[in-house]
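# An overview of the molecular structure
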Amino acid sequence: MDRFSFRVCTPAMEIERAVAELRFGRPVILESGKEKHAVLALDCAAPETYDAFAAASEDRHALFVTAQRAHCLGISSSLGIAVPAEGMSFDAAARLSYALDAKAPGEWREADPAMSAAAELARMALLLPAMVCTEIKGIEDRFEACHRLDCAHLSDTRHARQDFTEVVRTRVPLKDLGDAQFAVFRGGLAQKDQIAIIVGDPDFSRPVSVRIHSSCLTGDLCGSLKCDCGDQLRNGLANLRAAGGGVLIYLDQEGRGTGIGSKMRAYGYQHQGLDTIDADAELGLEPDHRRYEAAIAILRLLGISSVVLHTNNPTKIAAINAAGIKVVGRMPTHGKITAENLNYLRTKASKADHIFDPEMLAATK
Ligand SMILES: Nc1nc2c(ncn2[C@@H]2O[C@H](COP(=O)(O)OP(=O)(O)OP(=O)(O)O)[C@@H](O)[C@H]2O)c(=O)[nH]1
Ligand SMILES: [Zn+2]
């Protein structure tokens, strides 16, 4: 093989390039066999780009919204719906995609798989999954400069998602906890860095106390009272120390994997009375977009094969067990209940099956 050939571009690279294009507000061409669709993420598109896209499609473009958003509009669908967007302004498209007071469209059809693939790409880009789409047969030259992505790559991400390497491990002294080791792992689809904080000196050949924590900028960093994440992070580390040592994996998956922009939009709807899950649905999002391949890869790279998981979330337990890492026990991890986070906790218990101890359940009735 030519040592200096950089001709190979993996599916993960192709996906990440497409993700970057969407975030720059540019269309991407999704190819599936002979079918080719240009797709544009409304969340990042400037009104002028939307208008240019509509003109390039000769006003035959459609607006895709997910099944969750369609449900909020009173429409039941399995893959989401495509709404003919002839004559639809940018503002009208945005209203139909995200606004609380939007009315159901007069005309719509069940979406093609290519459109839900486009929404999947938007979610990877941490954008709201409302997409402007058009078939480009006969008008391909108008989208010549756009990045092309084979849809098959999107269903071929399993290997890339769990491909991580440890890049560095170093000592960090923590307030009230003493020294911890911060190990940085790089990889996954987006080649992002994920962190494992090793507290104390746990024996990895025995069941290890592990907390898998999802990033929450508002709670972890700023002490937001709207959730219990900050408390869970600090109590979680203290609990690991009390358990004789353990590992906290800090996953970069803000807003249950939806990103800080979507999370703040959802907060806006929560201020109008919606709970966390209904607010996300109005934005076209599922209740939880998190994935645990990174955590599983990190546990394996650390040589951990059985854990006591510090969590109240049954989905995390199921994900770790399904990957062949034994969950031999569970340790609850709570924060302080406040007037501001009470509804958030109630929703976790009633809609996401989070396990709370009886005392806490009584407090959240
Ligand atoms: N979409 C969305 N995400 C939120 C909201 N509030 C907090 N989050 C995110 O939720 C994640 C924490 O998830 P939780 O469901 O609170 O708890 P968990 O991690 O599943 O469960 P535990 O292991 O028991 O803590 C973090 O990524 C937060 O950024 C919200 O209102 N909307
Ligand atoms: Zn939080």
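Here is what the cut-offs are and how they apply
Residues numbered from 1 in each chain as written. Chains lettered and ligands numbered in written order. Predicted model: local features only at pLDDT ≥ 70, side-chain atom pairs only at ≥ 80, totals over all residues. Heavy atoms only, no water. UniProt positions renumbered as here; feature names shortened; annotations may be inferred. Helix = DSSP H or I, 4+ residues; strand = E, 2+ residues; numbered from the N terminus. Buried < 20%, exposed > 50% of the residue type's maximum accessible area, 1.4 Å probe, protein only. Contact = heavy atoms within 4.5 Å. Polar contact = N/O pair within 3.5 Å; in protein donor to acceptor, adjacent residues only side chain to side chain. Phe/Tyr/Trp six-rings, centres within 6.5 Å; stacked < 30°, edge-to-face > 60°. Lys NZ or Arg CZ within 6 Å of the ring centre and 35° of its normal. Domains from an automatic or database assignment. Buried area = accessible area lost by both parts, 1.4 Å probe. Salt bridge = Lys/Arg side-chain N within 4 Å of Asp/Glu carboxyl O.

### So, the UniProt feature "binding site: Zn(2+)" (unreviewed entry) in the protein
The positions that UniProt labels "binding site: Zn(2+)" (unreviewed entry) are, in the present scheme, Cys216, Cys227 and Cys229. With respect to the helices, strands and loops of the structure, Cys216 is situated in the loop between strand S11 (208-214) and helix H8 (217-221). You can call Cys216 buried: its relative accessible area is 4%. Excluding residues within four positions of it along the chain, Cys216 makes contact with Leu221, Cys227, Cys229, Tyr250, Glu254 and Lys263.

### Re the UniProt feature "binding site: GTP" (unreviewed entry) in the protein
Sites flagged by UniProt as "binding site: GTP" (unreviewed entry) map to Arg211, Ile212, His213, Ser214, Ser215, Gln232, Glu254, Gly255, Arg256, Thr276, Thr311 and Lys316. The largest pairwise C-alpha distance within this set of annotated residues, which runs over 106 residues, is 22.7 Å, so the set is dispersed in three dimensions. If you trace the backbone, Arg211 turns up in strand S11. Its relative accessible area of 3% is what places Arg211 among the buried residues. Polar contacts involving the side chain of Arg211 include one to the side chain of His213, which spans 3.2 Å. Mapped onto the fold, Arg256 is located in helix H10 (residues 254-257). Residue Arg256 is classed as buried on the basis of its relative accessible area of 19%. Among residues more than four places away in sequence, those in contact with Arg256 are Thr276, Pro287, Asp288, His289, Arg290, Tyr344 and Lys348.

### Some points on the packing of aromatic side chains
Here the structure, examined in full by the defined rule, presents 2 aromatic pairs. On the basis of an interplanar angle of 70° and a centroid distance of 5.8 Å, the ring pair of Tyr50 and Phe90 is categorised as edge-to-face. With Tyr50 in helix H2 (residues 47-56) and Phe90 in helix H4 (residues 90-98), this pair connects stretches of sequence that are 40 residues apart. On the accessibility criterion, Tyr50 (1% relative accessible area) is buried. Note on Phe53 and Phe143: the rings are 5.6 Å apart at their centroids and 65° apart in plane angle, and the pair reads as edge-to-face. Separated by 90 residues along the polypeptide, Phe53 in helix H2 and Phe143 in the loop between strand S6 (131-135) and strand S7 (147-150) bring together distant segments of the chain. One residue, Lys226, lies across the ring of Tyr267, its end atom 4.4 Å from the ring centre. Directly above the aromatic system of Tyr98 lies the positively charged group of Arg265, at a separation of 5.1 Å from the ring centroid.

### Concerning the domain arrangement of the protein
Domains assigned within the protein are domain 1 (11-154) and domain 2 (158-253 + 290-364). For domain 1 and domain 2, the distance between their C-alpha centroids amounts to 35 Å. Contact residues are listed per partner, giving 6 residues for domain 1 and 5 residues for domain 2. The junction of domain 1 with domain 2 conceals about 360 Å² of combined surface from both sides, 65% of it contributed by carbon and sulfur atoms. Where domain 1 packs against domain 2, one counts 0 salt bridges. On the surface where domain 1 and domain 2 come into contact, there are 0 residue pairs in polar contact (both at pLDDT 80 or more). When contributions to the side of domain 1 that touches domain 2 are tallied by element, the ones reaching two or more residues are helix H1 (11-23) and helix H5 (113-124). Residue contributions to the side of domain 1 that touches domain 2 peak at 3 residues, all from H1.

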